[in-house]
Amino acid sequence: MDSADSNQPRKPGSSTDIPPPREPGVCAGAGRKRQGGGNARDRPAVWVAYGRLLRLFRRRAGLTQEQLAELVEYSLEQVASIEQGRRPAKAKFTAAAERVLNTGGVLEELQEEVDFAKLPAFFRDFVLIELEAVSRFAYDPLLVPGLLQTEEYARAIFESSTPVLDEVTIEDRVDARISRQKLLTKSPLVTFSFTIGEMVLRNPIGPREAMLHQYERLLSAAGLRNVEIQVMPSTAGFHPGLAGPMVTVETADHQRYAYFESQGIGHVVSDPAEVSMFELRYGKLRSQALNVKESAAFIEQLAGEQ
């Protein structure tokens, strides 16, 4: 950064702006796709489009990247990276940029697409279905469901990933996971049922305090009118959930889907006969779990032991 003229007014696009990389250009059209190829083309198109719009609005406001960074309380490097499409904007950044640049909601309109592009590629098809859900039922025998995780719990998971993730990717994954939780309270309300394996709740992910916060989060979510949380005891004997995790979804137009994943590979099931089998298994599994009140009492007991 050149500080020799720091007290002089700067023109948009002055030397304090960090220039974009010189790789071949990427189409600015926003969309739920990743560009093929390497370098700049690996950046989601919507991140690039968002960045170009941010740069346009900043220059119209007569601000340098440094000045915008100060006003939105982000670093110069972060602002530059967002303008270049190298990293996605968080909702907090977008809200601040909207306020400072008076963009009329343009950046906010892109935020959902920006968040979507942060998700692992294998998960995106299901998320598009999930956005249309009127009901979502899930069994999770390994980890607390992503829609119910605290930021601490999610971060502990991604920090322990194999292969190891870099800090920027961890931050993006955590932010995307927490952003998805808006589904729990969106209007019209979606009916949720979560059945969680007992050992999930006993397995310490992260420090002790993080697990306490996770228990509190589960109890808080269970208080929502559209959310039911049940615990499957580890001593329940054989039940359909022993075959692995599963999710069933019904959309507003009465299309029904199932989803399951393992080792970073996800699979959407749309065949009606197969979806029906998942629904049957989930119904039986749910009947073998602790009821809602018993489950809440069990989680409270675990929280008291922390």
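As the structure is a prediction and not an experimental result, all values here were calculated from the model.

Applying the stated criterion across every chain, the model contains 7 aromatic pairs. For the pair F260 and F278, a centre-to-centre distance of 5.9 Å together with 15° between the ring planes defines the contact as stacked. Note that F260 is positioned in strand β5 (residues 256-262) and F278 in helix α11 (residues 272-288), a separation of 18 residues in sequence. What links up through ring pairs into an aromatic cluster is the set F123, F126 and Y259. Taking NZ or CZ as reference, R281 lies 5.5 Å from the ring centre of F278, over its face. Positioned over the ring face of F137 is R286, at 5.4 Å from the centre of the ring.

Attention now moves to helix α8 (residues 167-180). Helix length check: α8 (14 residues) gives 20 Å between terminal C-alpha atoms against 20 Å at 1.5 Å per residue, within 8%. Restricting attention to buried positions, one finds in α8 the residues I170, D172, V174, D175, A176, S179 and R180. Each element contacted by the buried residues of α8 is listed here: α1 (45-60), α5 (106-116), α6 (124-130), β1 (133-140) and α7 (151-159). Put simply, D166 is the residue that caps the front of α8, since its side-chain oxygen is 3.1 Å from the backbone nitrogen of V168.

What follows concerns the environment of A289. For A289, the location among the structural elements is in the loop between α11 and α12 (292-304). Residue A289 is classed as buried on the basis of its relative accessible area of 12%. Considered as a pair, A289 and V231 are 58 residues apart in the sequence and their alpha carbons are 5.7 Å apart.

Within the structure shown, the criterion is met by 13 salt bridges. In this structure, E77 engages R86 in a salt bridge whose closest nitrogen and oxygen atoms are separated by 3.8 Å. Each of K90, E151, R155 and E171 takes part in one network of salt bridges that share partners.

Okay, the packing of helix α4 (residues 91-101) against α5 next. Between α4 and α5, the shortest axis-to-axis distance is 9 Å and the interhelical angle comes to 170°. Judged by the inter-axis angle, α4 sits roughly antiparallel to α5. Between α4 and α5, the residues in contact are A91, T94, A97 and E98 and V106, L107, E108 and Q111, respectively. Of the residues contributing to the contact of α4 with α5, the split by class is 4 nonpolar, 2 polar and 2 charged.

Now for the environment of S220. With respect to the helices, strands and loops of the structure, S220 is situated in helix α10 (residues 208-222). Taking relative accessible area as the criterion, S220 reaches 46% and is therefore assigned partly exposed. Spatially, the C-alpha atom of S220 lies 9.6 Å from that of L148, the residues being 72 residues apart in sequence.

The next point concerns the environment of V114. Within the element layout of this structure, V114 appears in helix α5. Overall, the relative accessible area of 1% leaves V114 in the buried class. Between the C-alpha atoms of V114 and V48, which are 66 residues apart in sequence, the distance is 9.7 Å.

Rules of the game
Residues numbered from 1 in each chain as written. Predicted model: local features only at pLDDT ≥ 70, side-chain atom pairs only at ≥ 80, totals over all residues. Heavy atoms only, no water. Phe/Tyr/Trp six-rings, centres within 6.5 Å; stacked < 30°, edge-to-face > 60°. Helix = DSSP H or I, 4+ residues; strand = E, 2+ residues; numbered from the N terminus. Lys NZ or Arg CZ within 6 Å of the ring centre and 35° of its normal. Expected span 1.5 Å × (residues − 1). Buried < 20%, exposed > 50% of the residue type's maximum accessible area, 1.4 Å probe, protein only. Contact = heavy atoms within 4.5 Å. Polar contact = N/O pair within 3.5 Å; in protein donor to acceptor, adjacent residues only side chain to side chain. Salt bridge = Lys/Arg side-chain N within 4 Å of Asp/Glu carboxyl O. Axes fitted to C-alpha atoms, helices over the stretch in contact; angles between N-to-C directions. Parallel < 35°, antiparallel > 145°, perpendicular 65-115°, else oblique. Nonpolar A, V, L, I, M, F, W, Y, C, P; charged D, E, K, R; others polar.

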